[in-house]
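What the coordinates show
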Amino acid sequence: MIRLGVIGFGSRISDLINYPIREVEPDLRVTGIVDPDEPGARSRLADCDKQDVVFHDTLDDLVRRGKPDALVIGTRCHLHTPYAIEAAKYDLPLFLEKPVANTMEQAAALERAFEPSKCQVVVSFPLRVAPLCVLAREYIDEGAVGSPEHILGLNYVPYGTAYFDHQYREYEITQGLFLQKATHDFDYMMYLMDSSIVRVAAMAAWGRIFGGDKPAGLRCSQCSEADTCLESPENRKRNRSSEPGGDHLCLFGEDIGTPETGMNEDSSSALIEFASGAQGVYTQVFYSRRDAATRGATISGYHGTLGFDWYTNELRRVRHHRPFSDTIRMDEGLGHFGGDLELAYDFVGLIEGKAASRTPIWAGIQSVYACLAAKESAQTRQFVNVRQVGQAGT
Ligand SMILES: NC(=O)c1ccc[n+]([C@@H]2O[C@H](COP(=O)([O-])OP(=O)(O)OC[C@H]3O[C@@H](n4cnc5c(N)ncnc54)[C@H](O)[C@@H]3O)[C@@H](O)[C@H]2O)c1
């Protein structure tokens, strides 16, 4: 039986443990938890874990007294680094939520902590290991495009309101949507191009759609404009513009922040240069809905173009110099486009000593360095060089 110790047993990590990880290894128990919200965490436990789980005040106590076989960090973003730095001391297999850090100080400290550590990490990057992305990389390796010279990454998020009417609106925790969202996309784009991002020029639009002057803490249930507002639960339901949901915080509230104090962006984009010399473009849009949903990439070289979209679940392969084009379809209905199940296989494989992580700590840190450079570039309107893992100070 695998004994898991979990730090921050919140909504994302409980879903991942209770479904894909348990699907891969049913003989697994959550035996220890560090989470100040014990009733909330308990309510998310599977029946088989409720009886024996022990709540601990600290990670050290969880490891010493609870003797887990592996650790999982599922807290919100600002706590990933401090807990991961502590976890690095124990050499236990670690599953770490993204973004692995949310400031340069955190990312650099994380890199220093893991340099001497034997702790193997599965960073929670489902897109890199999602089957459609892996297939694209296999085709690239087989020469489908020749030398990959350009990549276009698109992310039209159909549930982007979650970054404004839910706890992800808290900028001091998210530090903006390059770190919160593009960390996945920059990571899988580097994987596909087999090259690190070394320079970015980014732009972001803040406060043009979301944010505003409605009172802090206002909810739709208290708002006199709920009948006409497109974001009220009633109108979202009627217009089929979001997943059904209940009362929520106002998307036009002053507590979302301002461009000066910091706030999540309505949309943001980056021009990207890779170490190989290849170039790319990435765009993420958070007010799109319904059939506007798109997430995926187009990779081109002299010999061909590959493009895939996780929402249509299709990969298109075009040969530039032969009269053949293929469209490949993938099965539907898998969490995070099949990536969560693949992360579960990697984590269980790591614990059982049968597999290596495909999303190691270095991938998590390198992606954060690219996101921090994009964030800085959008603020300063300058090209910014991306710090590279292993090259501090150069
Ligand atoms: N990889 C992905 O695709 C993906 C998807 C969704 C969310 N996430 C990430 O997952 C993380 C968690 O998001 P969530 O929506 O599950 O949040 P959540 O609020 O549901 O979960 C966080 C948990 O941490 C606990 N916590 C708070 N302070 C703590 C502390 N000091 N020590 C230990 N635990 C503490 C909370 O009580 C809560 O149970 C975020 O960083 C988010 O970016 C990743």
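Numbers given for residues are sequential positions, taken from 1 along each chain in its written order. Only residues with pLDDT of at least 70 get local features here, since the model is predicted, and only at 80 or more are side-chain atom pairs given and counted; chain-wide, interface and lining totals rely on the full set of residues. Computation of side-chain values covers all heavy atoms of the structure but excludes hydrogens and water.

In this section: the sheet that holds strand β4 (residues 70–73). The six strands lie next to each other as β3-β2-β1-β4-β5-β6, forming an open sheet whose pairing is parallel. The strands lining the two open edges of the sheet, one partner per strand, are β3 (54–55) and β6 (121–123). Between any two strands, pairing holds if DSSP finds at least two bridges. Secondary structure elements are defined from DSSP: runs of H or I of at least 4 residues count as helices, runs of E of at least 2 residues count as strands, and each element is numbered from the N terminus.

Attention shifts here to the environment of Asp213. Within the secondary structure layout, Asp213 lies in the loop between β8 (197–205) and α12 (233–239). The rule is simple: take the accessible area with a 1.4 Å probe, protein chains only, and divide by the maximum for that residue type; under 20% is buried, over 50% is exposed, in between is partly exposed. On the basis of relative accessibility, which here comes to 67%, the residue Asp213 falls in the exposed class. Linking Asp213 and Arg76, residues 137 residues apart in sequence, is a C-alpha distance of 27 Å.

Right, let's get into the domain arrangement of the chain. Domain start and stop positions are those given by an automatic or database domain assignment. Domain annotation of the chain identifies domain 1 (2–126), domain 2 (128–204 + 262–332 + 361–385) and domain 3 (220–249). Of note, the centres of domain 1 and domain 2, computed from C-alpha atoms alone, are 27 Å apart. Taken together, the 22 residues of domain 1 in the interface contact 23 residues of domain 2. If you sort the residues of domain 1 by the area they bury against domain 2, Arg76, Asn102 and Phe125 come out on top, with a joint share of 35%. Salt bridges are defined by distance alone: a side-chain nitrogen of Lys or Arg within 4 Å of a carboxyl oxygen of Asp or Glu. The interface formed by domain 1 and domain 2 includes one salt bridge. The partner of Arg76 in a salt bridge is Glu170, with the nearest N and O atoms 2.9 Å apart. Here a polar contact means two N or O atoms within 3.5 Å. Within protein one must be a hydrogen donor candidate and the other an acceptor candidate, and residues neighboring in sequence count only if both atoms are side-chain atoms. Between the two partners, domain 1 and domain 2, sit nine residue pairs in polar contact (both at pLDDT 80 or more). Of all elements in the fold, only α6 (104–114) and β6 reach the threshold of two or more residues within the side of domain 1 that touches domain 2. Contacts are assigned to residue pairs that have any heavy atoms within 4.5 Å of one another. Values labelled buried area give the accessible surface lost by two parts on being combined, using a 1.4 Å probe and summing over both.

A separate point is helix α11 (residues 177–193). Along its 17 residues, α11 runs 22 Å from first to last C-alpha, staying within 8% of the 24 Å computed at 1.5 Å per residue. We define the bend at any residue as the angle between the axes fitted to the seven residues before and including it, ending there, and the seven starting there. Along α11, the sharpest kink reaches roughly 50 degrees, centred on Thr183. Of all 17 residues in α11, 17 are buried, a share of seventy percent or more. Trailing α11 by a residue or two, Asp194 shows a phi angle of about 50 degrees, which is positive. Expected helix span is taken as 1.5 Å per residue step, with the number of steps being one fewer than the number of residues.

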